[in-house]
Amino acid sequence: MIEINNLSKYFGSLVAVDQLTFDVPEGQVLGFLGPNGAGKSTTMKMITGFLAPSSGQIRVAGFDVESDPVSAKSVIGYLPEGAPGYGEMTPSQFLNFIADARGLTGDHRRKRIQTVVDQLHMSKVIHQSLETLSKGFRRRVGLAQALLHDPAVLILDEPTDGLDPNQKHEVRQLISDLAEDKIVIVSTHILEEVEAVCDRAIIIAQGKLLADDTPDALCAKSHYHQAIRLSMPEAASLLPIIEPLDGVSRVDVLDEGRQLMIVPHPGVALYRQISALIEEHHWPIDGFSVERGRLDEVFRQITGEVAT
Amino acid sequence: MNQILNIFKREIVSYFVTPIGYVFIMIFLLLAGWMTFYQNNWFEQEIASLLVFFSMHLYLYLFLVPAISMRLWAEERKSGTIELLLTLPVTMFQAVLGKFLAAWAFCGIALALTFPIWITVNYLGDPDNGVIFASYLGSFLLAGAFLSIGSCLSAVTRNQVIAFILTVVVCFGFLMIGRNEVLEFLRAILPQVLVDGIASLSFLSHYGSITRGVLELRDILFFVLTISFWLIANAIVIDLKKAE
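What you see is a predicted model; the values in this text were computed from it and never measured. (Residues numbered from 1 in each chain as written. Chains lettered and ligands numbered in written order. Predicted model: local features only at pLDDT ≥ 70, side-chain atom pairs only at ≥ 80, totals over all residues. Heavy atoms only, no water.)

A.B. asks: Any chance you could break down the packing of helix α1 (residues 2-17) of chain B against helix α2 (residues 19-39) of chain B for me, citing the residues and the numbers?
C.D. replies: Two quantities define a packed helix pair, namely the angle between the axes and the distance from one axis to the other. All names here are of chain B. At a minimum axis distance of 3 Å, the contact between α1 and α2 shows a crossing angle of 75°. Judged by the angle between their axes, α1 and α2 are roughly perpendicular. Touching Y15, F16 and V17 of α1 are P19, I20, G21, Y22 and I25, all from α2. Here the residues of the contact of α1 with α2 sort into seven nonpolar, one polar and no charged. (Axes fitted to C-alpha atoms, helices over the stretch in contact; angles between N-to-C directions. Helix = DSSP H or I, 4+ residues; strand = E, 2+ residues; numbered from the N terminus. Parallel < 35°, antiparallel > 145°, perpendicular 65-115°, else oblique. Contact = heavy atoms within 4.5 Å. Nonpolar A, V, L, I, M, F, W, Y, C, P; charged D, E, K, R; others polar.)

In structure tokens form, the structure reads like this:
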């Protein structure tokens, strides 16, 4: 359990984090979303005890981060932004140093090191110095050190940044697998990532909490939620029939007139109405789908309100 | 205690997996030898003592110690590993001390490798080995004092060159305030009490009395307190600067 209460951070006159309050229960993967400079990294740095809050409290697994930082830090695994590491060390030496600092010993230590090396597929580079590794491998080493002590809380600042699509997929899979009995907080600006791995998303901008919901519920706020995409030759010719229908807010013509995006008024489902029309007129459709809504649009909508 | 040792181990190994450690030791030994034999004509003096050798350490350390200390925190800040280090279950005190002790031990290794000159002087003559032992201890303490200043100043910036220059300047200041010309100048503008106070902070006088063979507690204490002061300042600077 992470409890965050009225958390604020000022850098001089700049308000980086402004009165954040939220809890994260066990077993949850929380996505932290926001534009660059929104305060995501600053919040993570405060949770991990790197920066002291200007005001407010943070409790991690019952430990107050400010008054008992060492206990709090020992239950947290942290991947800082950019996955920093000591360039002259090999992943093997680096993980052994982390194991020392985390107090892992004996058989357990050997097993944990082996486990993370396998989980992140890095046995090939285990004896190569970090500075000679590719960005992708360095990121994996960073993840490995965060996972090493099998922490109850994982804080990952942009864990898939710089990975290729296959590696991204693997890391997301890994996060989902880990999530069962842990708390995972992931910051990202890749929205598909939130939909893929998170149970819950928090959107912050200029240090303020703007939205806190499941990715599905956030998607439902999109104008395109329940919108219908219809593909057929000369689809544009249907405009006069569809546009006047009850519940239709607007119709976009896409793909040079071969596709229609029928956007409903909020809360209206057009599925039955449109499919009845298709039956009735025997339209030769090639495709018909209902949109979930677009997280990127909701994101822009929510964070844009603050910026202007 | 354990965490200090963990950090110490990581740091000390890092000197020897890269060429830094070997290059430093080579240059230290070459310069120490050159300054003793050529600059000060140690042979021609025909005195069985290492006073000349040890008095050169002041100037040797002035440039070589900042070269070690400049990377201590500037590099951690630049590469971002400071965030990694300080979010491990270690305290600031353990991190500062672990890194400092590793750098100090490294200087100690370089210093210990000057032992051939000790063998030489014993082979050629009959020196006072007690004085030599005290001088080695004094030299080690002096290196520690320079290092603690350098460690603190390397946390001020993420640029190692700036850290190096700052450290040389401050260390030079601590040497100079013991010299008579500087003290004469200060007497003209400051009250005597203050001048005495400043003079007592000089590395020159405390180190000088140790190398002459007067191993007094107050000189040792002076260096220990200087190191402690700068390391505490070090921790405060890191705390203030880490957000940047």
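A.B. asks: I'd love a proper account of the side chain of T42(A), names of residues and values included.
C.D. replies: Residues and elements named next belong to chain A. One can find T42 in helix α1 (residues 40-47). You can call T42 buried: its relative accessible area is 14%. Those residues in contact with T42 that lie beyond four places of it in its chain are K9, F11, A16, V17 and L51. (Buried < 20%, exposed > 50% of the residue type's maximum accessible area, 1.4 Å probe, protein only.)

A.B. asks: Break down the pairing of strand β2 (residues 14-24) of chain A for me, citing the residues and quoting the values.
C.D. replies: All names here are of chain A. Both strand β1 (residues 2-11) and β2 contribute to a ladder of seven bridges, which runs antiparallel. Following the sheet pairing, I4 is matched in β2 by F22. Here β1 folds back onto β2, and the loop between the two strands holds two residues, one of which, G12, carries a positive phi near 60°. (Pairing = 2+ DSSP bridges.)

A.B. asks: Explain a negative patch on the surface residue by residue, including any values.
C.D. replies: All names here are of chain A. A cluster of acidic residues, E26, D177, E180 and D181, forms a negative patch on the protein surface. Looking at the element boundaries, E180 is found in the loop between α6 (165-178) and β8 (183-188). Residue E180 is classed as exposed on the basis of its relative accessible area of 72%. (Patch = residues over 30% accessible without salt bridge, like charges linked within 9 Å, V, L, I, M, F, W, Y side chains within 5 Å. Areas by Shrake-Rupley, 256 points an atom, 1.4 Å probe, with all protein chains shown as cover. Salt bridge = Lys/Arg side-chain N within 4 Å of Asp/Glu carboxyl O. Lys, Arg positive; Asp, Glu negative; His and termini not counted. Charge placed at Lys NZ, Arg CZ, Asp CG, Glu CD.)

A.B. asks: Can you break down the sheet that holds strand β10 (residues 208-213) of chain A residue by residue, with the values?
C.D. replies: All names here are of chain A. Strand order in the open sheet formed by six strands is β6-β7-β8-β3-β9-β10, and the pairing between neighbours is mixed. The outermost strands of the open sheet, each flanked by one partner alone, are β6 (76-79) and β10. Within this sheet the neighbouring strands show an average axis-to-axis angle of 15°, counted without direction. As paired strands, strand β3 (residues 29-33) and strand β9 (residues 200-205) are joined by four bridges and run parallel to one another. Following the sheet pairing, L33 is matched in β9 by I203. Contacts from α1 reach β3, β6, β7 (153-157), β8 and β9, with the element oriented near 150° to β8.

A.B. asks: Kindly report on the interface of chain B and chain A, identifying the contributing residues and their values.
C.D. replies: Facing the 24 residues of chain B at the interface are 22 residues of chain A. Both sides together, the interface formed by chain B and chain A hides about 2,200 Å², and carbon and sulfur atoms give 67% of it. It is R10(B), E83(B) and L84(B) that lose the most area in chain B upon contact with chain A, and together they represent 30% of the buried surface on that side. Linking chain B with chain A are three salt bridges, by the criterion used here. Scanning the region where chain B abuts chain A turns up seven residue pairs in polar contact (both at pLDDT 80 or more). Those elements giving two or more residues to the side of chain B that touches chain A turn out to be α1, α5 (71-79) and α6 (81-86) of chain B. In terms of residue count, the dominant contributor to the side of chain B that touches chain A is α1(B) (seven residues). The class makeup of the residues in the side of chain B that touches chain A is ten nonpolar, nine polar and five charged. (Buried area = accessible area lost by both parts, 1.4 Å probe. Polar contact = N/O pair within 3.5 Å; in protein donor to acceptor, adjacent residues only side chain to side chain.)

A.B. asks: A description of the sheet that holds strand β11 (residues 228-231) of chain A should follow, citing residues and the corresponding values.
C.D. replies: All names here are of chain A. Taken in spatial order, the four strands line up as β12-β13-β11-β14 in an open sheet, and their pairing is antiparallel. Bordering the open sheet on either side are β12 (248-254) and β14 (287-290), each of which pairs with just one other strand. Across the sheet, the mean angle separating the axes of adjacent strands is 15° when strand polarity is ignored. By the bridge criterion, four bridges tie β11 to β14 in an arrangement that is antiparallel. Counted as the bridge partner of L230 is F288 from β14. Helix α10 (residues 271-281) contacts β11, β13 (259-264) and β14 of the sheet and is inclined by roughly 170° relative to β14.

A.B. asks: For unusual backbone geometry, give the residues involved together with the corresponding values.
C.D. replies: Of all residues except glycine, most have a negative phi; of all peptide bonds, most are trans. All names here are of chain A. Notably, N6 is not glycine yet its phi reads approximately 50°, a positive angle. Here N6 shows up in strand β1. For N6, a relative accessible area of 39% translates into the label partly exposed. Backbone geometry places A61, a non-glycine residue, at a positive phi of 50°. Here A61 lies in the loop between β4 (55-60) and β5 (63-64). Residue classification places A61 among the partly exposed residues on the basis of a relative accessible area of 37%.

A.B. asks: So, the packing of aromatic side chains: which residues are in play, and what are the values?
C.D. replies: Overall, the coordinates contain 22 aromatic pairs over all chains when judged by the stated rule. Note on F24(B) and F28(B): the rings are 6.3 Å apart at their centroids and 10° apart in plane angle, and the pair reads as stacked. Highlighted residues: F24(B) and F28(B), both in helix α2, separated by four residues, approximately one helical turn. A relative accessible area of 10% places F24(B) in the buried class. Taking the centre distance of 5.6 Å and the plane angle of 90° together, the rings of F229(B) and W230(B) count as edge-to-face. The class of F229(B) is exposed, set by a relative accessible area of 53%. Judged by relative accessible area, which is 13%, W230(B) ranks as buried. Taking the ring centre of F97(A) as reference, the NZ or CZ of R10(B) above it sits at 5.8 Å. Here the guanidinium or amino end of R71(B) rests over the ring plane of Y15(B), the centre of that ring lying 5.2 Å away. (Phe/Tyr/Trp six-rings, centres within 6.5 Å; stacked < 30°, edge-to-face > 60°. Lys NZ or Arg CZ within 6 Å of the ring centre and 35° of its normal.)

A.B. asks: Outline a nonpolar patch on the surface, supporting the account with residue identities and numerical values.
C.D. replies: Residue and element names in this part refer to chain B. The grouping of V23, M26, I27, L30, L31, W34 and Y38 at the surface amounts to a nonpolar patch, some 740 Å² of accessible area in total. Here W34 lies in helix α2. Since its relative accessible area comes to 43%, W34 is described here as partly exposed.

A.B. asks: Break down the pattern of salt bridges for me, with residues and values.
C.D. replies: Enumeration according to the criterion identifies 22 salt bridges over all chains in this entry. Across the pair K208(A) and D18(A) runs a salt bridge whose closest N-O atoms are separated by 3.3 Å. Pair noted here: K208(A) is in strand β10 and D18(A) is in strand β2, with a separation of 190 residues, a long-range link. As a salt-bridge pair, E11(B) and K99(B) come within 2.8 Å of each other at their nearest N and O atoms. Highlighted residues: E11(B) in helix α1 and K99(B) in helix α7 (residues 92-112), separated in sequence by 88 residues. Through salt bridges with shared partners, a single ionic network connects E88(A), R10(B), E11(B), E76(B) and K99(B).

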